[in-house]
Amino acid sequence: QVQLVESGGGLVQPGGSLRLSCAASGFTFSSYAMSWYRQAPGKERELVASITSTGGSTNYKYSVKGRFTISRDNAKSTVYLQMNSLKPEDTAVYFCKASHRMTSVTYWGKGTLVTVSS
């Protein structure tokens, strides 16, 4: 059974940090590119960061460049999102997504809520 389970969300003050984790199971993790998306209340889901199946290349939404870092550990089947210098506009539910590197197969997690507020 395929599972993507996000964790690490919570309430943090502006300027603070959080590290999100997404633990994968039920598929060959190393064959999938991984991405983090977020969806704020009343807004569409947007891509935040992505990483290739080997971890050799990453991409970021412009507004998070220099503050967020995506990484993965294929031995642990886990992808991470380190978020620093958090801003209130980063408040959203964060989802991880797995995309097979050669097919259209994708999987989504159920999300973890990040709230940035004083």
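Before reading on, note that the structure itself is shown above.
First, a word on scope: everything that follows refers to the structure included in this document. (Residues numbered from 1 in each chain as written. Predicted model: local features only at pLDDT ≥ 70, side-chain atom pairs only at ≥ 80, totals over all residues. Heavy atoms only, no water.)

1. Considering the nonpolar core
Applied cut-off: Definition used in this section: a nonpolar core is a set of buried Ala, Val, Leu, Ile, Met, Phe, Trp, Tyr and Cys residues joined via side-chain atoms within 4.5 Å. Throughout, exposure labels follow a simple rule: accessible area from a 1.4 Å probe, protein chains only, divided by the maximum for the residue type, with under 20% read as buried, over 50% as exposed, and the rest as partly exposed. Segments assigned H or I by DSSP are reported as helices when at least four residues long, segments assigned E as strands when at least two residues long, and all are numbered from the N terminus. Two residues qualify as a contact provided that any one of their heavy atoms is within 4.5 Å of a heavy atom in the partner residue.
Counting residues in hydrophobic clusters, the biggest one holds 28 residues, and the most contacted among them are M34, W36, L81, M83 and Y94. Broken down by secondary-structure element, the contributors of at least two residues to this core are strand 3 (18-25), strand 4 (32-39), strand 5 (46-51), strand 7 (68-73), strand 8 (78-83), strand 9 (92-100) and strand 11 (112-116). In contact with L81, not counting residues within four places along its chain, are L18, R19, L20, W36, V48, A49, F68, T69, I70 and Y94.

2. Things to note about the state of the cysteines
Threshold: The term disulfide is used for any two cysteine sulfur atoms that are within 2.5 Å.
For the coordinates displayed, the defined rule picks out 1 disulfide. With its sulfur 1.9 Å from that of its partner, C22 forms a disulfide with C96. One quick way to see it: the torsion about the S-S bond of C22 and C96 is about 40°, and its sign makes the bridge right-handed. Within this pair, whereas C22 is found in strand 3, its partner C96 is found in strand 9, the two being separated by 74 residues in sequence. Judged by relative accessible area, which is 0%, C22 ranks as buried. The buried category is assigned to C96, whose relative accessible area is 0%.

3. Structural notes on the sheet that holds strand 8
Strands in a sheet are paired, the pairing made by backbone hydrogen bonds, and the direction either parallel or antiparallel. Note the cut-off: When DSSP locates at least two bridges between a pair of strands, those strands are taken to pair. Axes, fitted as lines to C-alpha atoms, cover a helix only where it is in contact. Angles between the N-to-C directions of the axes lie from 0 to 180 degrees.
What the 4 strands build is an open sheet, ordered 1-3-8-7; its pairing is antiparallel. Of all the strands in the sheet, just strand 1 (3-7) and strand 7 have a single pairing partner and so form its edges. Ignoring which end each strand starts from, the neighbouring axes of this sheet average 15° apart. Here 6 bridges tie strand 7 to strand 8, and the two strands are oriented antiparallel to one another. Considered in strand 8, the bridge of F68 is made with M83.

4. Topic: the pattern of salt bridges
Here is the rule: Salt bridges are identified by distance alone: a Lys or Arg side-chain nitrogen within 4 Å of an Asp or Glu carboxyl oxygen.
Here the structure, examined in full by the defined rule, presents 4 salt bridges. The partner of R38 in a salt bridge is E46, and the shortest N-O contact between them spans 2.7 Å. A relative accessible area of 6% means that R38 is categorised as buried. The shortest N-O distance in the salt bridge between R38 and D90 comes to 3.0 Å. With R38 in strand 4 and D90 in the loop between strand 8 and strand 9, the pair connects residues that are 52 residues apart, well separated along the chain. The buried category is assigned to D90, whose relative accessible area is 1%.

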